[in-house]
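Chain residues, written in single-letter form:
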Amino acid sequence: MTQVALSTPLSASGPARLDGLLRRFATPAGRLARRSATLPDDPRARLDALLQEIDEIMLPRRIELRIDGKTLAHLSAYSRRLASVEIVARPGSRPTGETIASDFADRLLEIAATPGTLTCRSARHQNRPRANDSTCSVGALKAALGFDVQRSEIVRLTEIMTPIAIAKLDWVGDPGQGQFSGEGAWRQMLEQHALIFLGRAGRKTFNRQAGAGRAEGIAIPLSAETIIVLARLSDRGLAAILPYEAGLKAIAFWQAAG
Amino acid sequence: MTIKAQLDQLRETSFGCVLTAFGDLSSGLILRSSSETPVPREVLDALCDDATRSLAVASRHTRPDATAASVYGTSVVSFTAQRSHVFVRHDPEAGDLICAVIEKAQAIAPVLQSARETAARIAEAGS
């Protein structure tokens, strides 16, 4: 039987990923070959890649995850749903009902946080799923991991504010390493305020307790014409100088669209 | 006009505003509030706490050159996807504070302007 090697990188995006998906969905199940890839080192990027992999599975597949060549875990999935997560060194009972998403999320987090080179190999699952097997959707997993919300809220705010921003700094991790655009004279102010906002400037910390992984921010009027907006969610953040009226309207628009 | 009456007026004339309050930043206490239904003390304490931390980001000691001295540090809008909190004081050194809580997606600028006017009236009455 002809074997079709599907080697689209798990982190591929845009046209390359779409091509891979179309090719995969168009391939008869019997010809689907093993698919393997090395996942990124960053735990968050690993989770993203695993969720993407599960989201692309229709027919039952078993995914073997190896760390530095040694088997770490097995996942099984079908119909874009995760059916099981078995960590080899720590076998546990199969979760069911309301706890399934959080239990699977905890196990995926443990897998993603394991140091070493993580490789993923998926193949057609020989055992057909039983009708009463509990499974978990990728959407539920994203919610349990705080993944979708984290990405969408701050990205959406950035997308809304970018077209009207006089200057803008957005970052993942360290504002000092963030992406700046706009009038250069504002950069220092954006960085300084971002650090104070994040409680990293050696003064009284802002240290607000974010509600259940949701975005939060403040807008400070600088003059009758301009405001500075600072927002964050997890390790992502945004600082922007905006026209006064348009900036405040953008916040309400962001809330309305959420 | 009493402070309570000023707070009632601010809330009733500001579309989407569900709570207004007058507080003292130095003691960290909300002294008066206005809302349609009673608000637990813990909520008011959390509001004052939010004001203290939010205004600290716009401390006068950090005022950049490109900002207006009469504006910077007098007001801050704290926001989440669910609501906005407007905090206003008459001048950057003042301890008296006006708070207004606005439900999500409602216009912020008119409430901010009305809160400034309320803060100015209360400061004028107290001087």
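Structure first, text after, so check above.
Notes on the structure follow. (Residues numbered from 1 in each chain as written. Chains lettered and ligands numbered in written order. Predicted model: local features only at pLDDT ≥ 70, side-chain atom pairs only at ≥ 80, totals over all residues. Heavy atoms only, no water.)

**Section: the overall build of chain A**
Right, so step 1: What chain A contains, in helices and strands, is 7 helices and 11 strands.
Right, so step 2: For chain A, buried positions account for 47% of its 258 residues.
Right, so step 3: Taking the intrachain contacts of chain A between residues at least 6 apart in sequence as the baseline, contacts between residues at least 24 apart amount to 57%.
Right, so step 4: A total accessible area of about 12700 Å² is found for chain A, and carbon and sulfur atoms account for 51% of it. (Helix = DSSP H or I, 4+ residues; strand = E, 2+ residues; numbered from the N terminus. Buried < 20%, exposed > 50% of the residue type's maximum accessible area, 1.4 Å probe, protein only. Contact = heavy atoms within 4.5 Å. Areas by Shrake-Rupley, 256 points an atom, 1.4 Å probe, with all protein chains shown as cover.)

**A short note on the pairing of strand β3 (residues 70-78) of chain A**
Residues and elements named next belong to chain A.
Right, so step 1: Counting buried residues in β3 gives 7 out of 9 residues, a clear majority hidden from the surface.
Right, so step 2: Sheet topology note: the strand β2 (residues 61-67)/β3 ladder contains 7 bridges and is antiparallel. Following the sheet pairing, Arg 66 is matched in β3 by Thr 71.
Right, so step 3: Sheet topology places β3 next to strand β4 (residues 81-87); 6 bridges connect them, and they run antiparallel. Its bridge partner lying in β4, Leu 75 is registered against Val 85. (Pairing = 2+ DSSP bridges.)

**Regarding the environment of Gly 217 of chain A**
Right, so step 1: Residue position: Gly 217 of chain A is located in strand β9 (residues 216-221).
Right, so step 2: Sequence separation of Gly 217 of chain A and Ile 251 of chain A is 34 residues, and the distance between their C-alpha atoms is 9.5 Å.

**Observations concerning the nonpolar core**
Right, so step 1: Formed by 38 residues in total, the largest nonpolar core has its most connected members in Met 161, Val 229, Leu 248 and Ile 251 of chain A together with Val 86 and Ile 98 of chain B.
Right, so step 2: Ignoring anything within four residues of it in the chain, the contact list for Met 161 of chain A reads Val 229, Leu 238, Leu 242, Gly 247, Ala 250 and Ile 251 of chain A.
Right, so step 3: Counting residues in each nonpolar core, the second largest holds 34 residues, with Met 189, Leu 190 and Ala 239 of chain A together with Tyr 72 of chain B among its members. (Core = buried A, V, L, I, M, F, W, Y, C linked by side-chain atoms within 4.5 Å.)

**As for the pattern of salt bridges**
Residues and elements named next belong to chain A.
Right, so step 1: This model, assessed by the stated rule, comprises 10 salt bridges over all chains.
Right, so step 2: Taking the shortest distance from any N to any O, the salt bridge between Asp 103 and Arg 107 comes out at 2.7 Å. With Asp 103 and Arg 107 both in helix α3 (residues 100-112) and 4 residues apart, this pair spans about one turn of that helix. (Salt bridge = Lys/Arg side-chain N within 4 Å of Asp/Glu carboxyl O.)

**Notes on the packing of helix α2 (residues 43-55) of chain A against α3 of chain A**
Residues and elements named next belong to chain A.
Right, so step 1: The N-to-C vectors of α2 and α3 enclose an angle of 125°; their axes lie 9 Å apart at closest approach. Judged on the interaxial angle alone, α3 and α2 are oblique. The interaxial crossing formed by α2 with α3 has right-handed handedness. For the pair formed by α2 and α3, the contact residues are Pro 43, Arg 46, Leu 47, Leu 50 and Leu 51 on the first element and Leu 108, Leu 109, Ile 111 and Ala 112 on the second.
Right, so step 2: Residue composition of the contact of α2 with α3, by class: 8 nonpolar, no polar and 1 charged. (Axes fitted to C-alpha atoms, helices over the stretch in contact; angles between N-to-C directions. Parallel < 35°, antiparallel > 145°, perpendicular 65-115°, else oblique. Left-handed = near helix turned anticlockwise from the far one by under 90°. Nonpolar A, V, L, I, M, F, W, Y, C, P; charged D, E, K, R; others polar.)

**Some remarks on the sheet that holds strand β2 (residues 29-35) of chain B**
Right, so step 1: Strand order across the open sheet formed by 10 strands is β8(A)-β7(A)-β11(A)-β10(A)-β9(A)-β3(B)-β4(B)-β5(B)-β1(B)-β2(B), with antiparallel pairing between neighbours. The open sheet has two edge strands with one neighbour each: β8 (179-182) of chain A together with β2 of chain B. Put simply, the sheet's adjacent strands are angled 15° from each other on average, direction ignored.
Right, so step 2: In terms of strand pairing, strand β10 (residues 226-233) of chain A meets strand β11 (residues 236-243) of chain A through 8 bridges, oriented antiparallel. Counterpart to Thr 226 of chain A in the pairing with β11 of chain A is Pro 243 of chain A.
Right, so step 3: Where helix α1 (residues 3-13) of chain B meets the sheet, it contacts β1 (17-24), β2 and β5 (96-103) of chain B, and its direction lies at approximately 150° from that of β1 of chain B.

**Overview of the packing of aromatic side chains**
Right, so step 1: Inspection of every chain in the model, using the stated rule, returns 1 aromatic pair over all chains.
Right, so step 2: Directly above the aromatic system of Phe 197 of chain A lies the positively charged group of Arg 232 of chain A, at a separation of 5.7 Å from the ring centroid. (Phe/Tyr/Trp six-rings, centres within 6.5 Å; stacked < 30°, edge-to-face > 60°. Lys NZ or Arg CZ within 6 Å of the ring centre and 35° of its normal.)

**What about α1 of chain B?**
Right, so step 1: Residues Gln 6, Leu 7, Asp 8, Leu 10 and Arg 11 of chain B constitute the buried set of α1 of chain B.
Right, so step 2: Residues of α1 of chain B that are buried in the fold lie against β1, β2, β5 and α3 (109-126) of chain B.

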